[in-house]
Amino acid sequence: MVELIIFVLMGAVALGGAVAVVKARNPVYGAMGLMAALFALAVFYVVHLAHFVAAVQVIVYAGAVITLFLFVIMFVGVDRAERLTEKLAVQRPAALAVLAGVLALAGVLVITGQFDWVITVGEGAEVRGTVEEIGANLISVEEGGVQRASRWLLPFEATSLLLIVAAVGAVSLAFYRPRRKEEPDDETAGADRPGRPS
Amino acid sequence: MVDYLWIVIALPLGAALFNHFLGRRVGEPRAAVPAILSVAGAFVYAALAARDFFVSERASEEAVTVVRLFDWIPGLGATAELLWDPMAAVMTLVVTGVGALIHIYAVGYMHGDPRFGRFFTYLNLFIASMLILVLANNFALLFVGWELVGLCSYLLISFWYTRPSAAAAGKKAFVVNRIGDFGFMVALMVIFAAFGTLSYTEVLHEPGEVIGAGAATAVCLLLLVGAAGKSAQLPLYVWLPDAMEGPTPVSALIHAATMVTAGVYMVARTGALFGLSDVAGGAAATVGALTALLAATIAVAQRDIKRVLAYSTISQLGYMFMAVGVAGYTAGLFHLVTHAVFKALLFLGAGSVIHAMAGEQNMDRMGGLRRKMPITHLTMLVATLSIAGIPPLAGFWSKDEILAVLFAKGGYYTVLWGAGLLTALLTAFYMARQYFLVFGGEARWGEGAEPHESPRIMTVPLLVLGVLTVLIGFVNTPFRLSFEHFLAPAFEGVGLLHAPEDGFLLTALALVSTAAGVVGIAIAYLVYHHASEDTRERLLGRVRRPLMTWEHGYWVDEVYGRLIVKPGLALANWSAGFVDQRVIDGLVNGIGGAVRRAGGRLRPLQSGFVRSYGALLALGAVALVAWIAARGL
Amino acid sequence: MIAAAIVTADWYMTLAAVLFLIGMAGLLLRNNALVMFMSVELMLNAVNLTFVAAARAHGDIGGQMAVLFVLVVAAAEVAVGLAIIVSIFRIRRTASVDDLSELSG
């Protein structure tokens, strides 16, 4: 019963947030909507006993990603109104057709009973995504008294590499100062760069 | 000692690598030091390893050693194995011994050449390759050596590649050798098909139990094609005269003493196969006789000092083929050894003369060098008399044995004996002619030429080879057949043809062939030395037509040019112009054009609008899911 | 669990599907690069919800692990993507993707 209440409440928050992301004219509202939706999802994770994932969701998304989004939105300029007229003639009908296609497909599948969620509850033991559990699964697992590398170890290391690459890429992108053609002597820093004939 | 036989090959190979990388840096005289030492070291090592053969002369079982190095291609029976028997020992000693002397000589001859170190790189590589060839214990390794010496020959013929004629000569040698190699390769395939292995040990041990006479004939004829290519026999001899474009030490080492005898060695090595087929042996002997006679006639009318020797080499190789064709393997190998010595001497002497004349090779502009170059003159005289078959020099003994073997075979081979005798006469004539033109008479060189004796580093090898020319014939005189006994273990189970042992017959044959030599020399003396200028002109004018034909080598090059090269060029042009440009390029361009046109059609899809890509992506995903659903999950 | 008998995984799956569709609509209909980006994040999170729901239903920790990796990759993507948007904005003074169609065929 409790879960039903939580599902209805948080589901409404998530859907509302999602619609706000898509509909809001001002991107700041969109970002707020996104934050609400993500928070609702974090609540669902807790319901699903994925405590660690829920914590990460809040910290990483609400704490870092949304903040980053807000920074960029401020930088780009909130006041810059998005052009309302659709530039691409076929884009809007095509997008709506695709969405309608998805819905129609889902409807056909559900009605014909060809498709069920293929989920059987309680098949395995109840899993608790605590920090210890997740951490242990990430690095190594014990099997018959023998510690061996977890099957998640390689992806784990690979993502660490990916993060480094992303960080370096973001930094170098931020430092990159192209010369603007339309405004020649705008930045002295760019003009003073050695090896670049100005 | 024998277990580490690979050292013999590794030494010159190592020196070649050294000079390849460091030859330019260590400079001119020093680059030659490792080159000479490695070859001399290989000679000493081989001599020590061959010591057992001198001791256990009769113990044929122990005399043949197989040194296994490593597995190479086991499926072909081609393990990297070296065969060490008296025949291999003889070849190794000849290659390294004569090779070492020529290396020393080359230090003087190549003096001042900007690519001095590179020259010794090639020379050492050649020695290593030739040793692989003679020491191989299977046909695959033999083939490797065979191709490597061909490569070295090419590199050294066109060593002075800035001269167009040298570059062309190298190319010609390579292409003509390729024809022979084709036959050789087919022969190897047939051997493998018949025996299931390429190992000498299995193929050459009583091959009669595996293949019949017909197959043996086919194999041997194909091998003969390969041998004719490498050893410059009819009809593939045309590359050797042109190969004289290379430096003279190269001519001496590769195109006289060692590489060109590879064909003879190969026939002798596969004697067990040739023993199964009278036809193939007869073919080899006939080819040899024809080549010997033909080349001798051409040599008569050559003006270039090296071309005379080149045709002489072809002619002498013909002798060896005559010998091995009638299974007179020891006679053939004996001539191979003596020829290696005195022909190397002749070439080195000629090189000394050319060196003295500052590059002049035309004998018409020489003469009177007797007093200017005493050592060269003396050694050349010995070599000339040797090749002319004057006793007791080396050439007499070996040539005489070949003729005796041919005569002993009798029947059809008596005709070949006649051809050989005629060749002997011609040989004596053209060699004496060369001698008189170069050393005798009055000086005919132009103003400014100042002939002088060559430096000591060149004359010492000449002297050593001169002494050897006098002495080496005695290893196998009819009085004492040491060489034949020495080689006997290598021909265990092969039907060898020996010279007759009838003393009277031998003496008569020797007298006849000596007479032929003396007559040849006498004619040359009368025409080119004794007769006055006018008389000689008149005499030669009478035989102008044949002389003309011979001077141009029967126009064989021209005939080959018309019959083979021109159609070949036409074919190549056709395939380059039509097949390549129209068909193949057309195909490639057609595919490229089709892709380009298809790309042109599909270009609008790539609008640059991210959102339309997104829409297409979503559409694709929906279509994919729909398809999966339609298939029924 | 009593509550699980009432709210089955199917409910969460349906919710996730709807969130995904909304994100897709935003991606296809808006032309502000930032909004599109946020829509992508929304779609990623919809998928994450299915993972977590499936993890509980199957009793397999793997679903939660997958979510972790998606989070990490999404974070990296945000870092680079926002940097690109900032770079573009510095040159072109626009955040609309429709003005960026130089890479057309």
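Residues numbered from 1 in each chain as written. Chains lettered and ligands numbered in written order. Predicted model: local features only at pLDDT ≥ 70, side-chain atom pairs only at ≥ 80, totals over all residues.

## Let's talk about the overall build of chain B
- For chain B, the count of helices and strands is 28 helices and two strands.
- For chain B, the residues scored as buried account for 54% of the 633 residues in total.
- If you take every contact in chain B between residues at least 6 apart in sequence, the share linking residues at least 24 apart comes to 81%. (Helix = DSSP H or I, 4+ residues; strand = E, 2+ residues; numbered from the N terminus. Buried ≥ 20, exposed ≤ 12 C-beta atoms within 10 Å, placed from the backbone. Contact = placed C-beta atoms within 7 Å.)

## Looking at the overall build of chain A
- A count of helices and strands for chain A gives seven helices and two strands.
- Secondary structure elements in chain A, listed N-terminal to C-terminal, are α-α-α-α-α-β-β-α-α.
- Across the 198 residues in chain A, those meeting the buried criterion constitute 24%.
- For chain A, the share of sequence-separated contacts (at least 6 apart) that also reach a separation of at least 24 residues comes to 40%.

## Re the pairing of strand β2 (residues 78-84) of chain B
Residues and elements named next belong to chain B.
- Across the seven residues of β2, six count as buried, placing the element largely inside the fold.
- Direction of pairing for strand β1 (residues 65-73) relative to β2: antiparallel, over a ladder of six bridges. Looking at β2, one finds that Val-67 is bridged to Leu-82. (Pairing = 2+ DSSP bridges.)

## As for the environment of Thr-217 of chain B
Residue and element names in this part refer to chain B.
- The topology assignment puts Thr-217 in helix α10 (residues 213-230).
- Between the alpha carbons of Thr-217 and Leu-276 there is a distance of 7.5 Å; along the sequence they are 59 residues apart.
- Apart from residues lying up to four places away in sequence, Thr-217 is in contact with Ser-277, Val-279 and Ala-280.

## Observations regarding the interface of chain B and chain A
- Contact residues are listed per partner, giving eleven residues for chain B and ten residues for chain A.
- Here the residues of the side of chain B that touches chain A are counted per class, giving nine nonpolar, one polar and one charged. (Nonpolar A, V, L, I, M, F, W, Y, C, P; charged D, E, K, R; others polar.)

## Here's the deal with the packing of helix α19 (residues 374-388) of chain B against helix α21 (residues 413-438) of chain B
All names here are of chain B.
- Where α19 contacts α21, the axes come no closer than 8 Å and their chain directions differ by 165°. Of the possible angle classes, the one that applies to α19 and α21 is roughly antiparallel. When the axes of α19 and α21 are compared, the crossing they make is left-handed. Across the interface between the two elements, Met-380, Leu-381, Thr-384, Ile-387 and Ala-388 from α19 touch Thr-427, Ala-428, Met-431, Ala-432 and Tyr-435 from α21.
- Class assignment of the residues belonging to the contact of α19 with α21 gives a composition of eight nonpolar, two polar and no charged. (Axes fitted to C-alpha atoms, helices over the stretch in contact; angles between N-to-C directions. Parallel < 35°, antiparallel > 145°, perpendicular 65-115°, else oblique. Left-handed = near helix turned anticlockwise from the far one by under 90°.)

## So, unusual backbone geometry
- Residue Leu-234 of chain B is joined to Pro-235 of chain B through a cis peptide bond whose omega torsion reads -5°.
- Inspection of the secondary structure assignment puts Pro-235 of chain B in the loop between α10 and α11 (239-242).
- For the bond from Pro-391 of chain B to Pro-392 of chain B, the omega torsion is 0°, close enough to zero to count as cis.
- Despite not being glycine, Leu-49 of chain A has its phi angle at roughly 70°, a positive value.
- One can find Leu-49 of chain A in the loop between α2 (27-47) and α3 (51-76).
- By C-beta crowding, Leu-49 of chain A is classed as buried, having 20 other C-beta atoms within 10 Å.
- The backbone of Trp-555 of chain B shows a phi angle near 55°, a positive value even though the residue is not glycine.
- By secondary structure assignment, the location of Trp-555 of chain B is in the loop between α26 (544-551) and α27 (556-602).
- Trp-555 of chain B sits in the exposed class, given 12 other C-beta atoms within 10 Å.

## Focus on the packing of helix α13 (residues 262-269) of chain B against helix α16 (residues 305-325) of chain B
Residue and element names in this part refer to chain B.
- Two elements in contact, α13 and α16, have axes whose closest approach is 10 Å; the angle formed by their N-to-C orientations is 5°. Classed by the angle they form, the pair α13 and α16 counts as roughly parallel. Residues Val-264, Val-267 and Ala-268 of α13 form the contact with α16, whose participating residues are Leu-317, Met-320, Phe-321 and Val-324.
- Tallied by class, the residues present in the contact of α13 with α16 amount to seven nonpolar, no polar and no charged.

## Concerning the interface of chain A and chain C
- Between chain A and chain C, the residue contacts involve 70 residues of the former and 67 residues of the latter.
- Taken together, the elements giving at least two residues each to the side of chain A that touches chain C come down to α1 (2-23), α2, α3, α4 (91-111), α5 (131-139) and α6 (153-175) of chain A.
- Here the side of chain A that touches chain C is composed, by residue class, of 53 nonpolar, eight polar and nine charged.

## With respect to the nonpolar core
- Judged by nonpolar contacts, the single largest core of 223 residues is most densely connected at Val-341 and Ala-344 of chain B.
- Not counting chain neighbours up to four residues away, the residues in contact with Val-341 of chain B comprise Val-98, Ala-394, Leu-465, Leu-468, Thr-469 and Ile-472 of chain B.
- Core analysis: the second largest hydrophobic core is formed by 83 residues, Leu-34, Leu-38 and Ile-134 of chain A together with Val-35 of chain C among them. (Core = buried A, V, L, I, M, F, W, Y, C linked by C-beta atoms within 7 Å.)

## Description of the confidence of the model for chain A
Residue and element names in this part refer to chain A.
- When pLDDT is averaged along chain A, the result is 78, and 77% of the positions lie at 70 or above.
- Averaged over each element, pLDDT in chain A is lowest for helix α7 (residues 188-191) (44) and highest for α2 (92).
- A low-confidence stretch, residues 184-198 stays under pLDDT 50, and its non-local contacts, those more than four residues away or across chains, total seven contacts. (pLDDT = per-residue confidence, 0-100.)

## Structural notes on the pairing of strand β1 (residues 140-143) of chain A
- In the sheet, β1 of chain A pairs with strand β2 (residues 146-149) of chain A via four bridges, with the strands oriented antiparallel. The residue bridging Val-141 of chain A from the neighbouring strand is Arg-148 of chain A, located in β2 of chain A.

## With respect to helix α22 (residues 456-471) of chain B
Residue and element names in this part refer to chain B.
- The end-to-end C-alpha distance of α22 is 22 Å, a good match for the 22 Å that 16 residues give at a rise of 1.5 Å each.
- For α22, the set of buried residues is Met-458, Thr-459, Pro-461, Leu-462, Leu-465, Gly-466, Leu-468 and Thr-469.
- Next to the buried residues of α22 lie α5 (86-109), α17 (329-356), α19 and α20 (394-409). (Expected span 1.5 Å × (residues − 1).)

## A few points about helix α24 (residues 503-530) of chain B
Residue and element names in this part refer to chain B.
- Under the 1.5 Å per step criterion, the end-to-end length of α24 is 37 Å for 28 residues, consistent within 8% with the ideal 40 Å.
- By the burial criterion, the buried members of α24 are Leu-509, Ala-510, Ser-513, Ala-516, Gly-517, Gly-520, Ile-521, Ala-524 and Tyr-528.
- Residues of α24 that are buried sit in contact with α19, α20, α21 and α25 (533-542).

## Observations regarding the environment of Met-110 of chain B
Residues and elements named next belong to chain B.
- Structurally, Met-110 can be placed in the loop between α5 and α6 (116-135).
- Classification of Met-110 as buried rests on a count of 23 C-beta atoms within 10 Å.
- Sequence-wise, Met-110 and Pro-29 are 81 residues apart; in three dimensions their C-alpha atoms are separated by 9.9 Å.

## Re the environment of Leu-9 of chain A
- Here Leu-9 of chain A is to be found in helix α1.
- Placed 31 residues apart in sequence, Leu-9 of chain A and Ala-40 of chain A show a C-alpha to C-alpha distance of 8.8 Å.

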